[in-house]
Amino acid sequence: DTAVSQTPKYLVTQMGNDKSIKCEQNLGHDTMYWYKQDSKKFLKIMFSYNNKELIINETVPNRFSPKSPDKAHLNLHINSLELGDSAVYFCASSPEGLAVETQYFGPGTRLLVL
Amino acid sequence: GENVEQHPSTLSVQEGDSAVIKCTYSDSASNYFPWYKQELGKRPQLIIDIRSNVGEKKDQRIAVTLNKTAKHFSLHITETQPEDSAVYFCAASKKAAGNKLTFGGGTRVLVKP
């Protein structure tokens, strides 16, 4: 009963490559998110999906493309990786409600671009 | 958009003492304020949250206070223990912003035995 899981846990790759990170939640939540945590530990929203529909798209380079095949999965594909993309990427999910609901985070994917 | 500032950035306390972390937010429409604890190499985990319709909430050694007028909220940890050592993040959110969490910069808390 992992709740929110991500694969891979670690990702080391060369500049210019394309890579994907996968996220799955078994909580029955309707909304999923991607956050980026940089080297200074600052956490920032990137995207959110509600029932497979894109809700939030922050000012993220279009090299980043989220995809939600169903409401339990939210993947992140990154094209032409750059050094500055090195960070920890966290997936999160929350139930749908009339008010803001608690977000539960996955374990993170540590991406290192060389 | 929302901006959340968090202070201090680091906090060192003696075991048994109290720790207080303060956050201010800019968007008066924000109405949900969670606090997350992140241990080294781990995911952020919710420790307590407060909504704008209450001024204070307590859960054992942890309490959060909210001053809507001044747009600031604080985390209080009493009787600190070494396992309280971690990075703590405050955040603000509102439904109209798609529930996105805007985080403060984090506070690294070290509890010295």
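Residues numbered from 1 in each chain as written. Chains lettered and ligands numbered in written order. Predicted model: local features only at pLDDT ≥ 70, side-chain atom pairs only at ≥ 80, totals over all residues. Heavy atoms only, no water.

Attention now goes to the nonpolar core. Residues Trp35, Phe73, Leu75 and Tyr88 of chain B are the most contacted members of the largest nonpolar core, which totals 24 residues. Elements supplying a minimum of two residues to this core: strand E2 (10-14), strand E3 (19-25), strand E4 (32-38), strand E5 (45-51), strand E7 (62-67), strand E8 (72-77), strand E9 (86-92) and strand E11 (107-112) of chain B. Once residues within four sequence positions are removed from consideration, Phe73 of chain B is found in contact with Ile21, Lys22, Cys23, Tyr25, Phe33, Trp35, Thr65, Leu66, Cys90 and Ala91 of chain B. Within the second largest apolar cluster, 20 residues are counted, among which are Trp34, Leu76, Leu81 and Val113 of chain A. (Core = buried A, V, L, I, M, F, W, Y, C linked by side-chain atoms within 4.5 Å. Buried < 20%, exposed > 50% of the residue type's maximum accessible area, 1.4 Å probe, protein only. Helix = DSSP H or I, 4+ residues; strand = E, 2+ residues; numbered from the N terminus. Contact = heavy atoms within 4.5 Å.)

Quick look at the sheet that holds strand E3 (residues 19-25) of chain A now. All names here are of chain A. Ordered by their spatial adjacency, four strands build an open sheet running E1-E3-E8-E7, and the pairing between neighbours is antiparallel. At either margin of the open sheet sits one strand with a lone partner, and together these are strand E1 (4-7) and strand E7 (64-70). Along the sheet, successive strands turn relative to each other by an average axial angle of 20°, direction set aside. Bridge analysis of E7 against strand E8 (residues 73-78) gives five bridges, and the strand direction is antiparallel. Considered in E8, the bridge of Ser65 is made with His77. (Pairing = 2+ DSSP bridges. Axes fitted to C-alpha atoms, helices over the stretch in contact; angles between N-to-C directions.)

Let us now look at unusual backbone geometry. Of the consecutive residues Thr7 of chain A and Pro8 of chain A, the connecting peptide bond is found in the cis state with omega at -5°. Note that Pro8 of chain A resides in the loop between E1 and strand E2 (10-13). Residue Pro8 of chain B is bonded to the preceding His7 of chain B through a cis peptide linkage, with omega at -5°. If you trace the backbone, Pro8 of chain B turns up in the loop between strand E1 (4-7) and E2. With phi around 75°, Lys41 of chain A is a residue other than glycine that occupies positive phi space. Tracing the backbone through its elements, the reader meets Lys41 of chain A in the loop between strand E4 (31-37) and strand E5 (43-50). For Lys41 of chain A, a relative accessible area of 29% puts it in the partly exposed group. With a phi angle near 60°, Gln60 of chain B is a residue other than glycine that sits in the positive phi range. We classify Gln60 of chain B as exposed; its relative accessible area is 71%.

Residue and element names in this part refer to chain B. Residues of E11 alternate between two faces, with Thr107, Val109 and Val111 buried on one and Arg108, Leu110 and Lys112 left unburied on the opposite face. Sheet topology note: the E2/E11 ladder contains five bridges and is parallel. Bridge pairing in E11 links Leu11 to Val109.

Moving on, we come to a nonpolar patch on the surface. Among the surface-exposed residues, Val12, Leu112 and Leu114 of chain A lie close enough to one another that they form a single nonpolar patch of about 270 Å² accessible area. By secondary structure assignment, the location of Leu112 of chain A is in strand E11 (residues 109-113). (Patch = residues over 30% accessible without salt bridge, like charges linked within 9 Å, V, L, I, M, F, W, Y side chains within 5 Å. Areas by Shrake-Rupley, 256 points an atom, 1.4 Å probe, with all protein chains shown as cover. Salt bridge = Lys/Arg side-chain N within 4 Å of Asp/Glu carboxyl O.)

Glancing now at the interface of chain A and chain B. Each partner contributes residues to the interface: chain A has 26 residues there, and chain B has 24 residues. Together, Leu43, Val100 and Phe105 of chain A form the three largest contributors to the area buried by chain A at its contact with chain B, with a combined 31%. Across the chain A-chain B interface, the total number found is two salt bridges. With a shortest N-O distance of 3.3 Å, Glu96 of chain A and Lys95 of chain B are connected by a salt bridge. Summed over the shared surface of chain A and chain B, the number is eleven residue pairs in polar contact (both at pLDDT 80 or more). Where the side of chain A that touches chain B is concerned, the elements lending two or more residues are E4, E5, strand E6 (53-57) and strand E9 (87-94) of chain A. Here the residues of the side of chain A that touches chain B sort into 14 nonpolar, seven polar and five charged. (Buried area = accessible area lost by both parts, 1.4 Å probe. Polar contact = N/O pair within 3.5 Å; in protein donor to acceptor, adjacent residues only side chain to side chain. Nonpolar A, V, L, I, M, F, W, Y, C, P; charged D, E, K, R; others polar.)

Everything listed here is a matter of coordinates, which is why it stays silent on function.
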